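A look at the structure
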Amino acid sequence: MLGGRFDAAAAAAAGGGRKTDNFAMLFGSPTGETTNPPTTMNTTMTTTKSPSAATSTSTATEMKDSITRSMPNDVMMETPDNSAHPLVASAVSSSTPPPPLVSESSSTMVVPPSATSATNSVSLNGGSGGLPPRSSPKRKPSSSPSRRSKAVVSTQQQQKQPPSPTKVQQRQPRSSSSNQKRANAQPPLTVLASRQTRHSVLILPTSDAQSIATKNNTTLTELFRVFGNTTPNSTMSNNNRQTTTSNNQELEPPLPPFRSANRSMVITWDQITIDFVSIQDMEGYVPETEAERALGLSACVWEEDCPNGQEEEEEELKQLELCVVDALKEEEEVERCRREDGIPSMTSKPASNRKSSTSHHDDDHVDNADSFPMQQEEVLKECADAAISLTSRPNTPWLLRFRHTLDCSTDNIGHEMFRNPSVVILAASTSEPYINCFAELANVHHLPRPYQDGRYDPNGVRREFLLLHDIMDGPKDFDEGRALQRMRERFGPGCCQVLRLNSLSSDPVVVSDGYKSVGESDEWENMGPVTPFVANELSKEYGPSLAYVEDSPIRGACLSPIDKRAIRRYVANMVATGLVPSVERRIANLNTTVTNAKKGVKNVIKSFWRKPKESVSSALSDASGHKNDGNQSNKLASLETAKYRYDSIESQTRLLADTLFLMRDFEAALGIYRLVKDDYKHDKAHLHYASVQEMIVLCMFMIDPSKYTYDVQHSIETALYSYSRAADEEKDDANPAVRPSKAPYATRLATRLCLALSSARTICEGKQMEMADLLASASSHETPLGAAVLLERSSSHYYQADMIRKYSFHMLMAGHMFRSAGQERHAFRCFAASLYVYHGERWGELRSHIHSALAAQLFGMSRFALAMQFYAKLIGSAGGGRVSVRSQQKFLNHLVEICRDQKADALVAVDRMGYNPSDGRDNAPQLSNDFQQIEISNVGFPNVDDSSVRILADGRADSLASNTMGSSGTGDESVWQDMMICAESELRASSISSSNDANGTSGEESNNSNPANSGNEMIDRIISEIDKEEREAEYRERQKRKGNARTVEVRSTSEPITVSFTLTNPLGVDIELTEMQLVASLSCPKTGELQSNEFSSSDKHDDSSNAKLWKFHGSEKVFESPVFMHQHSIDSDVSESSPVDNAGMPYFVVTKKTVKMTPSSSTVASLEICPLSKGDFKIIGVRFKLLGEVWIYHRFDIPGPLLQDTQLNRSKRVRGESMLLKSKIEEEMPSLKITITPSNKNQSTVLQGQTSSWILTLSNYGYAPAANIMLKTNAPWLNINDETGEEKDENSSTSHCIGPSGTLMKVPFQGTKNTGILQPGETIEVPVFIRTSGGGRQDFYMICRYELWKEDSQDSLVSSRHRWARKLLSVPVYPSITMSASLMPSYLNNGEHILSVELMNYRSDRDTGLYTGLNVNFDNLYVISRHFEVKQLQGQV
């Protein structure tokens, strides 16, 4: 079935180590036996020397050459007996070979795989372009015998006479324990149709003669077809379908050399196969609707295809499902590798072969990686090699049945002469006046309709008189000699025979030769398939089921081996003395007529002035020349009107050519076909002309196609074109754009030709592309079923032509056609094959289209598990696969319906879907279906952008709104880092200075190693500390790049963590996501337990009404225990976990929210989670409910940093482990929030140089007290009021500053309990002055450093347990007043100077025409100087 990327060879080529268990189950022998490769054997025809042939050496040599020239080319059988799937299984069983193809195509015979060839053997897989050989388990023949055909009605009563009721009731039904297969279940593979290889012999029986066959539950035609074409031995085996044949001189007399048109030929009994037909077989045509119904049944999976019954068929479908699942997993693996490599999803660049990203990559692991990944074309070819195993080969059983049914449905169309019998057998019984019956049957009006409407010559047949005698029920005083003498006296000596039958009674008995009549003999099915149509209607016995056969009585219960040999003896004598001479005379007479009318220069010149026939065009106009009205009865009546009567030269020429073809004189037949083709072309008889072109192709094929390379291709194209023109004339559909529900006869003939040529290796070799194009073109005129078969065959030729994408596209089209025709399994198979190719391509829209087709197909087949997988992938693709909104809604509805109504299948789909190798979900607890919840993971719906995941440790701070100065922002991270380094350096320098002052150590002693020498001891110490901090920061960054210093973030309990990410709705419908919550795990070392809500299983007895709710300081959001919460020991396996009760104490709680998304929209979702216990905490993903019914889970996939420690890691772009979602939860910590508001609430702007009063607010939303609160700013704007009122000199520090920078201050405040300690939930307000400088928008950075206070802790400026709170204000500073001053000597008084000050109001923050508040009042001017005194001049402001 499936192969390629999951077989051993492909896995070795890809280097991925893929599993091959499923593949081995599908192709390996279940018994462990090795299947030998199949072979073919070109068997030369055995020649029986006759006395006349032995006298002349030259004649024998000439006949031998004619035999060699008449041998056909090989039939392409693509690796028989190599597939276990009933839809693609081989037609050649490993234990039961079919009948030799000699009877069908002259000299090519298929032998079992174990046989060897005595002559040159050829490959069965179509040469170099053939399909890859595969092994298959050997199949036993079916356990049910064949069905019988209906009895043919007699010529007198025109109805079937039932046998005696007493005898019919004594018949036993066919034994179901038999291993016999129905012949119609697996016809042989031949290029030629059955009518093109068998000589038709008409049987006209009386009712009494027909009753002799009816006693055996069969008809005379079937009786003679079975036992008249073989010579059975007395011992036969019912176990292997193979009946031994022998050339018995008593039964089969030697055949004399056959005189053909231009030469003599040696024929053997193996070449003579008789097709005994009745009146019903030759009258009328099979209706198009019946033909379409029969073709549909033939394409189904029959019980013979699955010897083990429905269980085997179901197992095959399950194996096919598993292979499709493997393809989906590989597709997801490739996409994951592409994401890790940073390759866009829709590009053609291949991903690396790395299967997972790990935090540590040793050298051995990297060295073993594939440094040279497979190229795109190599991957495509590998995928196609896997998909081709799903493509039906010419010898697939269902395709063989389809071709056989197609041949039978086109048997009686009047454009051919193959069905024109040369002999008619008149059969009568000894229980009636047989002489009078023979005389009556010899009248012309008893012949079938083709003789009445002028198509066949009623005087051109030889009549054979056969008297049947029923040994058990016939006259007891019957004298065979006397009866034979009377018949010869009346009708002639050479055409009369007597045949004794029914030597056994109707009761089962054992005769002397060991033959037992209890069971049905194998000969009935060994002679090959029969037509599925009886009286131009589909037989009730034709179909996949064996139920009708098992209830049918056995056939041939009254026939002994002597009777069977008598039938064969009669038929052999009739062929030798009647059929062959009659055919010779027909050929001789027709050859003379055709030579006189068509050959020679005179006839060629006369043909230039030949006028086309007028009557009807093709076969679709009635006798008056009017077109049909589309009625079926009118169409059949028109087809019964002979366009060319039997006495026309065109009909005689065609009859001569067809007769020569039947006798395998292909060279002579080719010449005759070429004589008549131009007449049909001029008459615009498209059907006749196309048929002649087809026969020309077959003649050249049987001779040697290599000699007629161009002619073969030209004739094929011409035949198909003419068939299409004839079909256009037959069409009665009003809308040509819609595929017809029934195909015209011309279309059926074109399809039959395409399928026949597709199986011919010598024609297709080197022309795979041309053949594929012809098949694809012919499919445009067919019904959905016929188009599907042609498209699938064309895809096989595209594959052999290395057109992989065309192969996949035509398999996809074939799947759609199979689905339209109701062939669900074939559609599934074709879609799966197409998926194999497209899943290796970067064609997202095509893959989505295949996913959509497979989802609908599997949903209709009730394969809900795999259908759910495809629906889950579809809703996560862009636009739902580029389909309509209605289809997208259908996807959602079907997905919800499967999860709601088919829980078992949904759980199977969930187990198959979406878990990455690094998920760790393989150890999920194994719970029963009552406890396990349906949750779909990683489907991409809605699409969660993992790169947009952001973690905010204190999300509550942003939830409180306040009137702040300017607008808040995140700021530049480098500025924050510099401020923290400076703050730590100043605090450490101040601590060292205080320690030195307390110990009495001088600054020079403690600063000997300080390279800085600014003249200020404090400044030099701070610079040294800053350099030290920067060096340590650089070292930590280098260690992070090397992957040696990746540490998790330390967080505190009872402190909510906000996770934000971007959601995108890819569909065109509105969706609502309910109960959205985060998924996490927390392991507590103190209790030794781990709690997680990762696995979707819950206690069905859990009562949600007792759920406990949580709220935390400073937040109005409600937290609750997450769903699917489970707990197990850290050291134990996950499968031993138990659910956590809602009323219990979980290790973490979450918020739940509902998100509504419009079509094709994006939104940012923010969810919160709060750990309640200390331990290792990890955020895993997010889950929510779709449409309130289906849980969907998405696991965050955050790539780690690129490792730069080694050159190999840099070249391989190896990533380390991401620590973004991991945290170390420790004890409770304080959590401060900074806000700053103006004291004057009416103040709305800030001016340059303005000093205003503000309120600095600090709030502790944590659950622990904070101490040693330090405030660091990036600019000296802020001044904390000194409320003590003490006088300080100009050298003293102001604003509680620490260090010389003036930007690090210790916040003074009086706490509720202790001074300088901010308790949990407490808020303080500190008055400050802010003087703004600069112009435009200014970024004012404030960072607050605070420590955890404990009663036993010492008061220190530097502590390890500290945290930072950031605040950034983007402040617009408006221009206000500019001042310029100038000083000049006074002209009045020496030693004095005049100071001139100019002020300019530049305020533009409001319109002066509307507001008067922009005026600035000038109050005082202060001048500070140690040596001058300032006095105001009179009259100056």
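Note that the structure is predicted; figures quoted are calculated from it, not measured.

Attention shifts here to the overall build of the protein. For the protein, the helix and strand inventory stands at 41 helices and 40 strands. Per-residue burial for the protein yields a buried fraction of 54% across its 1437 residues. Sequence-distant contacts, at least 24 apart, represent 79% of the contacts inside the protein between residues at least 6 apart. Element-wise, carbon and sulfur atoms account for 48% of the exposed surface of the protein, whose accessible area totals about 62400 Å².

Before going further, it helps to examine the side chain of Thr405. Turning to its location among the elements, Thr405 is positioned in helix α14 (residues 397-409). Sequence-distant contacts of Thr405, that is, excluding residues within four places in its chain, are made with Ala294, Leu295, Ser298, Pro532, Phe533 and Tyr542.

All right, on to the sheet that holds strand β29 (residues 1232-1238) then. One key point about sheets: their strands pair by backbone hydrogen bonds, in either a parallel or an antiparallel sense. Pairing within the open sheet is antiparallel, and its 4 strands lie in the order β29-β31-β36-β33. In this open sheet, the two edge strands, each paired with only one partner strand, are β29 and β33 (1278-1280). Taken over all neighbouring pairs, the strand axes of this sheet differ in orientation by 35° on average, direction set aside. Of the pairings in the sheet, the one linking β33 to strand β36 (residues 1323-1331) comprises 3 bridges and is antiparallel in character. In the strand pairing of β36, Leu1278 is matched with Ile1330.

Phe1061 and Phe1196 are the most contacted members of the largest nonpolar core, which totals 243 residues. The dominant element in this core, judged by the number of residues it contributes, is helix α20 (residues 561-598), at 14 residues. Core analysis: the next-biggest nonpolar cluster, separate from the first, contains 31 residues, Ile1234, Val1307, Val1326 and Ile1330 among them.

Here we come to the packing of aromatic side chains. Each aromatic ring pair is summarised here by two numbers: the centre-to-centre distance and the angle between the ring planes. Taken as a whole and assessed by the stated rule, the structure comprises 23 aromatic pairs. Geometrically, the ring pair formed by Phe859 and Tyr871 is edge-to-face, given 6.2 Å between the ring centres and 75° between the ring planes. Taken as a pair, Phe859 in helix α33 (residues 844-860) and Tyr871 in helix α34 (residues 864-875) lie far apart in primary sequence, 12 residues in all. You'll find Phe859 and Tyr871 in the same group, each marked buried.

Side chains Ile274 and Phe276 of strand β6 (residues 274-277) all project onto a buried face; the interleaved residues Asp275 and Val277 project onto the opposite face, where all are buried too. Bridge count between strand β3 (residues 199-205) and β6: 4 bridges; the pairing is parallel. Residue pairing for β6: Ser200 is matched across the bridge by Asp275.

Here we take up the confidence of the model for the protein. A residue-level look at the protein finds 72% of positions with pLDDT of 70 or above and a mean pLDDT of 75. No element of the protein has a lower mean pLDDT than helix α2 (residues 21-27), at 31, and none a higher one than strand β7 (residues 423-429), at 95. Per-residue pLDDT stays below 50 along residues 344-348; that stretch engages in 11 contacts with residues further than four places along the chain or on separate chains. Counted against residues more than four places away or in other chains, residues 353-372, with its pLDDT under 50, gives 34 contacts.

So, about the pattern of salt bridges. All told, the structure shown has 48 salt bridges when counted by the stated rule. Residues Arg419 and Asp275 are paired through a salt bridge, measuring 3.0 Å at the closest nitrogen-oxygen approach. Here Arg419, found in the loop between α14 and β7, pairs with Asp275, found in strand β6; they are 144 residues apart in sequence, far enough to count as distant. When its relative accessible area of 10% is taken as the criterion, Arg419 is described as buried. A relative accessible area of 13% means that Asp275 is categorised as buried. Across the pair Arg1361 and Glu1227 runs a salt bridge, and its minimum N-O distance is 3.9 Å.

Let us now look at a nonpolar patch on the surface. Where nonpolar side chains cluster on the molecular surface, the patch consists of Ile1377, Met1379, Leu1383, Leu1395, Val1397, Leu1399, Val1416, Phe1418, Leu1421, Val1423 and Val1430 and spans about 940 Å² of accessible area. Going through the elements one at a time, β39 (1377-1385) and β40 (1393-1401) are the ones with two or more residues in the nonpolar patch. With respect to the element layout, Phe1418 can be found in the segment after β40.

Strand order in the open sheet formed by 5 strands is β6-β3-β7-β8-β9, with parallel pairing between adjacent strands. Two strands in the sheet have a free side with no partner beyond their single neighbour: β6 and β9 (496-501). Between one strand and the next, the sheet's axes are offset by a mean angle of 30°, whatever the strand orientation. Here β7 pairs with strand β8 (residues 462-470) via 7 bridges, running parallel. Residue pairing in the sheet places Leu426 in a bridge with Phe465 of β8.

With that out of the way, let us pick up a negative patch on the surface. There is a patch of like negative charges on the surface, built from Asp972, Asp978, Asp1027, Glu1030 and Glu1034. The element best represented in the negative patch is helix α40 (residues 1017-1042), accounting for 3 residues. Mapped onto the fold, Glu1030 is located in helix α40. Take Glu1030: its relative accessible area is 36%, and that puts it in the partly exposed class.

One way to put it is that helix α31 (residues 804-820) packs onto helix α32 (residues 824-838) with a least axis distance of 8 Å and a crossing angle of 155°. Judged by the inter-axis angle, α31 sits roughly antiparallel to α32. Handedness of the crossing formed by α31 with α32: left-handed. Here Ile804, Arg805, Tyr807, Ser808, Phe809, Met811, Leu812, Ala814, Gly815, His816, Phe818 and Arg819 of α31 lie close against α32, whose contacting residues are His826, Ala827, Arg829, Cys830, Phe831, Ala833, Ser834, Val837 and Tyr838. Within the contact of α31 with α32, the residues separate by chemical class into 13 nonpolar, 5 polar and 3 charged.

Where α33 contacts α34, the axes come no closer than 8 Å and their chain directions differ by 150°. Of the possible angle classes, the one that applies to α33 and α34 is roughly antiparallel. Crossing angle aside, the handedness with which α33 passes α34 is left-handed. Contacts from Ser848, His851, Ser852, Leu854, Ala855, Ala856, Leu858 and Phe859 of α33 reach α34 at Phe864, Leu866, Ala867, Phe870, Tyr871, Lys873 and Leu874. Residues that form the contact of α33 with α34 fall into these classes: 11 nonpolar, 3 polar and 1 charged.

Attention shifts here to the environment of Lys1117. The topology assignment puts Lys1117 in the loop between β19 (1109-1110) and β20 (1119-1120). Not counting residues up to four positions away in its chain, the partners in contact with Lys1117 are Trp1110, Lys1111, Thr1151 and Glu1168. Engagement of the side chain of Lys1117 in a polar contact is seen with the side chain of Glu1168, the distance being 3.2 Å.

We now examine helix α17 (residues 480-491). Counted at 1.5 Å a residue, the expected span for α17 with its 12 residues is 16 Å, and the 16 Å between its end C-alpha atoms agrees. Buried within α17 we find Ala483, Leu484, Met487 and Phe491. The buried residues of α17 occupy an angular sector of 95° when the element is viewed end-on, so they sit on one face. Those residues of α17 hidden inside the fold are in contact with α15 (434-441), β8 and β9. Taking the backbone nitrogen of Gly481 as reference, a side-chain oxygen 3.3 Å away marks Asp479 as the first, capping residue of α17.

What follows concerns the side chain of Glu792. Inspection of the secondary structure puts Glu792 in helix α30 (residues 784-800). Those residues in contact with Glu792 that sit more than four places away from it in its chain are Leu390, Thr391, Ser392, Trp398, Met811, Ala814, Phe818, Arg829 and Cys830.

Calculation notes
- Residues numbered from 1 in each chain as written.
- Predicted model: local features only at pLDDT ≥ 70, side-chain atom pairs only at ≥ 80, totals over all residues.
- Heavy atoms only, no water.
- Helix = DSSP H or I, 4+ residues; strand = E, 2+ residues; numbered from the N terminus.
- Buried < 20%, exposed > 50% of the residue type's maximum accessible area, 1.4 Å probe, protein only.
- Contact = heavy atoms within 4.5 Å.
- Areas by Shrake-Rupley, 256 points an atom, 1.4 Å probe, with all protein chains shown as cover.
- Pairing = 2+ DSSP bridges.
- Axes fitted to C-alpha atoms, helices over the stretch in contact; angles between N-to-C directions.
- Core = buried A, V, L, I, M, F, W, Y, C linked by side-chain atoms within 4.5 Å.
- Phe/Tyr/Trp six-rings, centres within 6.5 Å; stacked < 30°, edge-to-face > 60°.
- pLDDT = per-residue confidence, 0-100.
- Salt bridge = Lys/Arg side-chain N within 4 Å of Asp/Glu carboxyl O.
- Patch = residues over 30% accessible without salt bridge, like charges linked within 9 Å, V, L, I, M, F, W, Y side chains within 5 Å.
- Lys, Arg positive; Asp, Glu negative; His and termini not counted.
- Charge placed at Lys NZ, Arg CZ, Asp CG, Glu CD.
- Parallel < 35°, antiparallel > 145°, perpendicular 65-115°, else oblique.
- Left-handed = near helix turned anticlockwise from the far one by under 90°.
- Nonpolar A, V, L, I, M, F, W, Y, C, P; charged D, E, K, R; others polar.
- Polar contact = N/O pair within 3.5 Å; in protein donor to acceptor, adjacent residues only side chain to side chain.
- Expected span 1.5 Å × (residues − 1).
- Arc of directions from axis to C-beta.

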